[in-house]
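# Structural overview for review
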Amino acid sequence: MTFHSLMRPASVGALLAATVLAVAPSAHAQAANNGGWFVPKAAHPDAAPAPRPAPRRSVPVAADAPSDEDQGAPNAQQAPPVLPLPPIPNPPTVAKAAPPPAAVIGVINVQAVMQMSSAAQEIQQVLGARRDKLAQAVQREEGAWRGEQQKLQSEARTLTADQIQLRERHLQERRAKDQRDFGNQARIIQEAAQVGFHQIERELEQGNGIIAAVAGAHNMNLVLHAEQVVLHVGEQDITEEVANQLNKTLPHVFIPDDGVDPEQLAKSGKMPTTADEQRAAQGPEQAAAPAAAPAQPESVLRQHH
């Protein structure tokens with residue numbers, strides 16, 4: 001049976017991005033207040049008062065000179081251009097064909113499926129711990145950096161201008177390095193989450209995936225998100241059955257080890273990559289040709305309206 005999934009985007013990745021992988025609020029709140037990590041006071045001098053505008057001299061205008069509004073009026077009221085209108089062929093008559101089968105509708109709550117998924121819970125626990133560890137490291141480094149900044153301020157009277165400038169430059173270089181290092185670590189954690197959740201997405205939505213299998217078992221040929229449906233009967237809801245099958249089929253997912261860069265892992269050739277998946281989706285002709293930076297295939301669970 002052909003299964004057509006017309007689900008609205010309550011995707012695996014989108015549903016969990018906000019709940020599973022939230023960045024530590026304290027570190028980011030401080031970063032937001034500073035416009036980045038650890039901005040020294042020297043980098044934000046008090047704004048100089050704005051210079052007073054020079055008085056404008058009144059230039060007499062001739063009585064017959066057109067004003068700006070008069071000059072712009074013809075353009076505003078200009079008629080649209082007349083363009084060529086090449087003829088187009090009339091469409092041919094389409095022969096009558098057999099009507100599609102009657103719709104047998106099912107509904108699914110993807111968010112509930114993910115909440116019941118043991119694999120999704122595993123991603124939450126593992127990557128949540130890594131994010132907490134990173135947030136603590138950011139806070140420690142911020143405290144150390146501010147301590148160095150305060151030390152410089154207290155010793156400023158005993159230092160020469162060159163010494164102050166040198167130490168300020170070191171603080172700026174340390175801040176820039178922290179931004180690179182911590183930003184890279186956050187990217188690695190985020191991409192590890194994408195690796196994990198993409199496994200769940202593929203297990204659910206591939207042509208012979210769990211949603212198609214459960215729907216086929218009930219002779220369903222149309223599955224909608226539960227949020228789209230105003231009224232349905234309990235027998236049409238396949239959420240719990242899909243979640244149970246998901247836990248049997250995929251109780252765990254592969255998560256790159258802590259500190260392992262998923263992009264470097266993809267380049268190692270140890271396992272297939274999203275580039276291979278994209279080429280396979282484009283057909284055998286594209287599979288033979290190398291693809292440069294292929295776009296991520298759009299998930300039917302990730303689509304937006």
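Residues numbered from 1 in each chain as written. Predicted model: local features only at pLDDT ≥ 70, side-chain atom pairs only at ≥ 80, totals over all residues. Heavy atoms only, no water.

### A look at the overall build of the protein
Stated precisely, the cut-off is as follows: Segments assigned H or I by DSSP are reported as helices when at least four residues long, segments assigned E as strands when at least two residues long, and all are numbered from the N terminus. Think of it in three bands: residues with accessible area under 20% of the maximum for their type are buried, residues over 50% are exposed, and the middle band is partly exposed, with areas taken using a 1.4 Å probe on protein chains only. Any pair of residues with heavy atoms lying within 4.5 Å of one another is described as a contacting pair. We get accessible surface area from the Shrake-Rupley algorithm with a probe of 1.4 Å; when it comes to residues, only the shown protein chains can shield them.
Along the backbone of the protein there are 11 helices and 3 strands. When the helices and strands of the protein are read in sequence order from the N terminus, they spell out β-α-α-α-β-α-α-α-α-β-α-α-α-α. Across the 305 residues in the protein, those meeting the buried criterion constitute 30%. Counted over contacts in the protein with a minimum sequence separation of 6, partners at least 24 positions apart contribute 85%. Carbon and sulfur atoms provide 55% of the accessible area of the protein, an area that totals close to 20700 Å².

### Things to note about the confidence of the model for the protein
Put simply, the rule reads: pLDDT is defined as a per-residue confidence score from the predictor, taking values between 0 and 100.
Per-residue pLDDT for the protein averages 78, and the proportion of residues at 70 or more is 68%. Taken element by element, the predicted model of the protein shows its lowest mean pLDDT in helix α1 (residues 12-17) (39) and its highest in helix α8 (residues 239-249) (97). Per-residue pLDDT stays below 50 along residues 1-66; that stretch engages in 113 contacts with residues further than four places along the chain or on separate chains. In this model residues 291-298 is a low-confidence stretch, pLDDT under 50, and it forms 12 contacts with partners more than four residues away in sequence or in other chains.

### Some points on the side chain of T239
Within the secondary structure layout, T239 lies in helix α8. Those residues in contact with T239 that lie beyond four places of it in its chain are V107, I108, N109, A112, V113 and M116.

### Looking at the environment of N184
Formally: Under the rule applied, a polar contact is a pair of N or O atoms within 3.5 Å (in protein, one hydrogen donor and one hydrogen acceptor; residues adjacent in sequence only if both atoms are side-chain atoms).
Here N184 shows up in helix α6 (residues 161-205). Sequence separation between N184 and D261 is 77 residues; the distance between their C-alpha atoms is 9.1 Å. Within the structure, the side chain of N184 is placed 2.7 Å from the side chain of R187, a separation counted as a polar contact.

### Concerning the packing of helix α7 (residues 210-217) against α8
So the rule is basically this: In this analysis an axis means a line fitted to C-alpha atoms, helices contributing only their contacting stretch, and an angle means the value between N-to-C directions, from 0 to 180 degrees. Each angle gets one of four labels, with under 35 degrees taken as roughly parallel, over 145 as roughly antiparallel, 65 to 115 as roughly perpendicular, and the rest as oblique. Note: crossing handedness is left-handed where the near helix turns anticlockwise from the far helix by less than a right angle, and right-handed where it turns clockwise. Gly is placed with the polar residues, together with every amino acid not listed as nonpolar (Ala, Val, Leu, Ile, Met, Phe, Trp, Tyr, Cys and Pro) or charged (Asp, Glu, Lys and Arg).
Contact geometry for α7 and α8: axes closest at 10 Å, N-to-C directions at 130 degrees. With respect to α8, the axis of α7 lies oblique. Relative to α8, α7 is oriented so that their crossing is right-handed. Contacts between α7 and α8 involve I210, I211 and V214 from the first element and E241, V242, Q245, L246 and T249 from the second. Looking at the contact of α7 with α8 residue by residue, the class counts come to 5 nonpolar, 2 polar and 1 charged.

### A word on the pattern of salt bridges
Applied cut-off: Here a salt bridge means any side-chain nitrogen of Lys or Arg lying within 4 Å of a carboxyl oxygen belonging to Asp or Glu.
Applying the stated rule across the entire model yields 9 salt bridges. The partner of D258 in a salt bridge is K133, with the nearest N and O atoms 3.6 Å apart. Here the residue D258 occupies a position in the loop between α8 and α9 (262-267), and K133 occupies one in helix α5 (residues 118-155), the gap between them amounting to 125 residues. Linked by salt bridges that have partners in common, R187, E191, D261 and E263 make up one network.

### Quick look at α8
Filter applied, for reference: By definition, the arc is the one covered by directions from the helix axis to the C-beta atoms.
T239, V242, A243 and L246 are the residues of α8 that are buried. On an axial view of α8, the arc spanned by its buried residues comes to 100 degrees, and they lie on one face. Across from the buried face of α8, at angles greater than 90 degrees, the exposed residues are E240 and K248. Of the surrounding secondary structure, the elements contacted by the buried residues of α8 are β2 (105-108), α4 (110-116), α6 and α7.

### Remarks on the side chain of R279
Within the secondary structure, R279 is located in helix α10 (residues 274-282). Assessed through its relative accessible area of 16%, R279 is described here as buried. Here the side chain of R279 touches D276 through a polar contact of 2.6 Å, side chain to side chain.

### A short note on unusual backbone geometry
Its identity is not glycine, yet N219 carries a phi of approximately 60 degrees, on the positive side. By secondary structure assignment, the location of N219 is in the loop between α7 and β3 (222-225). Residue classification places N219 among the exposed positions, given a relative accessible area of 54%.

### Some words on the packing of α6 against α8
Contact geometry for α6 and α8: axes closest at 11 Å, N-to-C directions at 120 degrees. The orientation of α6 relative to α8 falls into the category oblique. α6 and α8 meet at a crossing whose hand is right-handed. In this structure, α6 uses I200, E203 and L204 to contact α8, whose residues at the interface are V242, L246 and T249. Grouping the amino acids of the contact of α6 with α8 by side-chain chemistry returns 4 nonpolar, 1 polar and 1 charged.

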